[in-house]
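Working through the structure, step by step
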Amino acid sequence: MKTKRFFISVIAFVFTMVAWAQNNDVATAILQSGENTTVFTGINALVQAVEAAADGDVITLSAGQFYETDITKSVSVIGAGYEADATTGTGVTSIIKNGYYCLSIGKADETLQNVNLEGLRVESILYLAAGRGGYDQKNPVQCINITKCYVAGNIEAKNSITDVAISQCVITGSVTGGKDYLATNLTVTNCHINDNVHTFAAGSRVLVDHCILMGGFYHGNYGSTEPLNNSAFTWTNCIFGMKASEYSYVVGIGATVQNCLCSSLRYGLSGVAGIHENNYEEDYLQMVVSFGDYADARYVEGRTFELLNPTGFPGTDGGQIGLLGGEGFSRVPSTPVVKNLTPTVEGSILKISYEAEVR
């Protein structure tokens, strides 16, 4: 891809500092508030940036480690990525626990809206509508976008949520809430989820599309059946990578399932009430080799999730099912790669010559 060389004034300082931090192994948070830019460095940089931010501000993080915080403002937090890749210029921005606390999004005295997370590796549970460590319940949240993030645990709601979009993410646990929490327009698209999406109040509107899901819904004599009874969601173009059995369905009771693949329609779907249309079955021993790079559907860093037969299981739109259909799957955040910086000073103006590549 061709690069372009620009000469700019201090307005591009945010890109300069991100590139400088990545080249010098300094964890840096850049707070952009209108035309004003503030730089924070060190492991507490994200905490300090959120404290100083106003609604509508953008916080850009370099690669490195940052302590988590309670996001109580309408801000965007954009990291360098969750897996290093020299080809795309992607680094790793890790959000790590500070004691027992985890990253949370929510506000005590009002419904928090318009929070965006992108390009982050969250090394703990990510809480929605919750306070520090998920212990303090907050008011509902609305218009939350989480994209191209890795979450080492659940994305877990502690109150009702509205217009929440989770896309192109890797989640090692579940996307879940509780039987008393309403999910209105929750969409989970093109994500790899090591467990499942489950448990919101009756009447919730939840769409799971073009995902790979590795967990099921237990209906034996032991354990809780609450997820099974509170997960009447819509599932389209998904691959259920688990081995379905007489004790484990792939969806909850009352679900609508269209153009999805599982190891057994009899065990995975037919035993559970709902609307099931145009779904596919492939014996588990055969299904796990449907991918050209690994012998199962588990998540492995860098794998492509390409299907050996992408046209063999058409989706609702005629394209392929799984991660690469629909909007597709990418680990690369939207921030450009900035490199080859050359600062010059003309009077009171700082000018930066740099090369920028859109990834």
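A short tour of the structure in this document, coming up. (Residues numbered from 1 in each chain as written. Predicted model: local features only at pLDDT ≥ 70, side-chain atom pairs only at ≥ 80, totals over all residues. Heavy atoms only, no water.)

Some details on the side chain of Ser174
- Tracing the sequence through the fold places Ser174 in the loop between strand E18 (170-171) and strand E19 (175-176).
- We classify Ser174 as buried; its relative accessible area is 2%.
- Of note is the side chain of Ser174, whose polar atom sits 3.0 Å from the side chain of Asp195.
- The residues contacting Ser174, other than those within four sequence positions of it, are Gly153, Asn154, Ile155, Ile193, Asp195, Asn196 and His198. (Helix = DSSP H or I, 4+ residues; strand = E, 2+ residues; numbered from the N terminus. Buried < 20%, exposed > 50% of the residue type's maximum accessible area, 1.4 Å probe, protein only. Polar contact = N/O pair within 3.5 Å; in protein donor to acceptor, adjacent residues only side chain to side chain. Contact = heavy atoms within 4.5 Å.)

Regarding the sheet that holds strand E22 (residues 197-198)
- Taken together, the 6 strands give an open sheet; going across it, the order is E6-E10-E13-E16-E19-E22, and neighbouring strands pair in parallel fashion. The sheet terminates laterally at strand E6 (70-71) and E22, the two strands that pair on one side only.
- Two strands pair when backbone bridges link them, and E19 and E22 are joined in this way by 2 bridges, in the parallel orientation. Paired with Thr176 across the bridge in E22 is His198. (Pairing = 2+ DSSP bridges.)

A few points about unusual backbone geometry
- In this structure, Asn185 takes a positive phi of about 60 degrees despite not being glycine.
- Take Asn185: it is sitting in strand E20 (residues 183-189).
- Within the chain, Asn237 stands out as a residue other than glycine whose phi angle is a positive 60 degrees.
- Looking at the secondary structure, you find Asn237 in the loop between strand E26 (234-236) and strand E27 (239-240).
- Relative accessible area serves as the criterion here: at 0%, Asn237 is assigned to the buried category.

Comments concerning the packing of aromatic side chains
- Enumeration according to the criterion identifies 9 aromatic pairs in this entry.
- Taking the centre distance of 5.8 Å and the plane angle of 55 degrees together, the rings of Trp235 and Phe240 count as tilted.
- Note on Phe240: relative accessible area 1%, which makes it buried.
- Counting every residue linked through ring pairs, the aromatic cluster contains Tyr82, Tyr150, Tyr299, Phe305 and Phe329.
- Taking the ring centre of Tyr150 as reference, the NZ or CZ of Arg121 above it sits at 3.9 Å. (Phe/Tyr/Trp six-rings, centres within 6.5 Å; stacked < 30°, edge-to-face > 60°. Lys NZ or Arg CZ within 6 Å of the ring centre and 35° of its normal.)

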